[in-house]
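Chain by chain, the residues run as shown.
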Amino acid sequence: MKVGIIGCGAIANIITTSIVQEENNIDIAYFFDKDIERAENLASLAGGVAVLDFDDMLNDVDLILECAAPVSVKEYAPKVLGHGIDMIVMSIGALMDFDFYHELESLAKDNGAKIHLPSGAIVGLDGIKAVAKFGLKEVSLVTRKSPKSLGKNIDTEEVLFEGKASDAVKEFPLNINVAATISIACQRDIDVKIIVDPKVDRNVHEITAKGDFGEFKTTTMNYPCAANPKTSMLAALSAIRLLKSFNETICVGM
Ligand SMILES: NC(=O)c1ccc[n+]([C@@H]2O[C@H](COP(=O)([O-])OP(=O)(O)OC[C@H]3O[C@@H](n4cnc5c(N)ncnc54)[C@H](O)[C@@H]3O)[C@@H](O)[C@H]2O)c1
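Everything numeric here is computed off the predicted structure, so don't read it as measured data.

Asks: What is the right way to look at the site of the ligand in this model?
Replies: Surrounding the ligand, one finds 27 residues, the nearest of these being D33, R38, S91, N177 and T231. Protein contacts shield 89% of the accessible area of the ligand, which totals 860 Å² for the unbound molecule. Sorting the residues of the shell around the ligand by element identifies helix 1 (10-20), helix 4 (70-82) and helix 9 (177-186) as the ones contributing at least two each. The element contributing the most residues to the shell around the ligand is helix 4, with four residues. Class assignment of the residues belonging to the shell around the ligand gives a composition of 15 nonpolar, eight polar and four charged. Lining the shell around the ligand are residues from two domains, each supplying at least three of them: domain 1 (2-120 + 235-245) and domain 2 (125-230).

Structure, rendered in structure tokens:
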């Protein structure tokens, strides 16, 4: 499988470093970033090609992995899917624009492509998907991050946001993709609270789901990536796992 990457930052570095280290049939061949130096650095690590023009990789890949920013999904996803190329999207907040979501869904269907959204920095998505259409009554997310991660300079805990996921991703587009992932998984605009907490050094996500099935709560206490404290290590690891799953015969927990 030949892969092209959009966005050569923290997530792309973790994924590329891991994939090139072991035997697999994943060839990360092309690297694109608005900062060409970042693309070149990663391309040299993987023995791939840094492209200046995004279109240069489109005709030679099986899959595009987006790990750049929500704006890049708007910019490039229609082109990728229009070419019938599968895509992994990390900046999932971009899909909380529901007109855009349906536009991409139609483009993918019409051109025989698939859009993959990794579980990212949370656990529990399997359960949410399973119960989504079976009496799920309530889903909420409480996210707690350090001031550094949220770009704040405060020394007491503060609730930064309380409301719907669609508004959370507008206010914190690079910080709250998990709210979008859960919303898309259960097809509803979930309740979100974002807390900035000087006492934590991890990105903590607590999900609560209640319904006819019973109730579950999950807590994920993520170490942030060294290169980008907004981003959790687990987000990159979930994308690596997804990439590898395309080669598997027995798929568990998906
Ligand atoms: N799904 C999840 O659970 C999850 C978790 C963490 C981060 N994310 C998202 O994944 C994305 C990447 O995260 P990261 O930590 O690697 O970010 P990063 O800032 O470390 O790297 C992003 C890279 O993309 C490049 N870039 C940005 N906009 C671009 C554009 N329009 N065209 C080309 N290149 C562009 C930047 O130059 C940078 O090199 C972000 O949108 C982030 O919000 C998702």
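Next comes the rest of the account.
Asks: How should I be thinking about the pairing of strand 7 (residues 136-145) in this particular structure?
Replies: The side chains of a regular strand alternate between both faces of the sheet. Pairing between strand 7 and strand 10 (residues 203-211): eight bridges, direction antiparallel. Each bridged residue has a counterpart across the sheet, and for S140 the counterpart in strand 10 is T208. In this structure, strand 7 lies alongside strand 9 (residues 191-196), joined through six bridges in parallel fashion. Counterpart to T143 in the pairing with strand 9 is I194.

Asks: Would you explain the packing of helix 1 against helix 2 (residues 36-46) in this entry?
Replies: Two measures define how a pair of helices packs: the angle their axes make with one another and the distance between the axes. Between helix 1 and helix 2, whose axes approach to 10 Å, the crossing angle comes to 10°. If you check the angle between helix 1 and helix 2, you find them roughly parallel. Note on packing geometry: the crossing formed by helix 1 with helix 2 is right-handed. Contacts from A12, N13, T16, T17 and V20 of helix 1 reach helix 2 at L42, L45 and A46. Here the residues of the contact of helix 1 with helix 2 are counted per class, giving five nonpolar, three polar and no charged.

Thresholds, definitions, all that
- Residues numbered from 1 in each chain as written.
- Predicted model: local features only at pLDDT ≥ 70, side-chain atom pairs only at ≥ 80, totals over all residues.
- Heavy atoms only, no water.
- Near = heavy atom within 4 Å.
- Areas by Shrake-Rupley, 256 points an atom, 1.4 Å probe, with all protein chains shown as cover.
- Helix = DSSP H or I, 4+ residues; strand = E, 2+ residues; numbered from the N terminus.
- Nonpolar A, V, L, I, M, F, W, Y, C, P; charged D, E, K, R; others polar.
- Domains from an automatic or database assignment.
- Pairing = 2+ DSSP bridges.
- Axes fitted to C-alpha atoms, helices over the stretch in contact; angles between N-to-C directions.
- Parallel < 35°, antiparallel > 145°, perpendicular 65-115°, else oblique.
- Left-handed = near helix turned anticlockwise from the far one by under 90°.
- Contact = heavy atoms within 4.5 Å.

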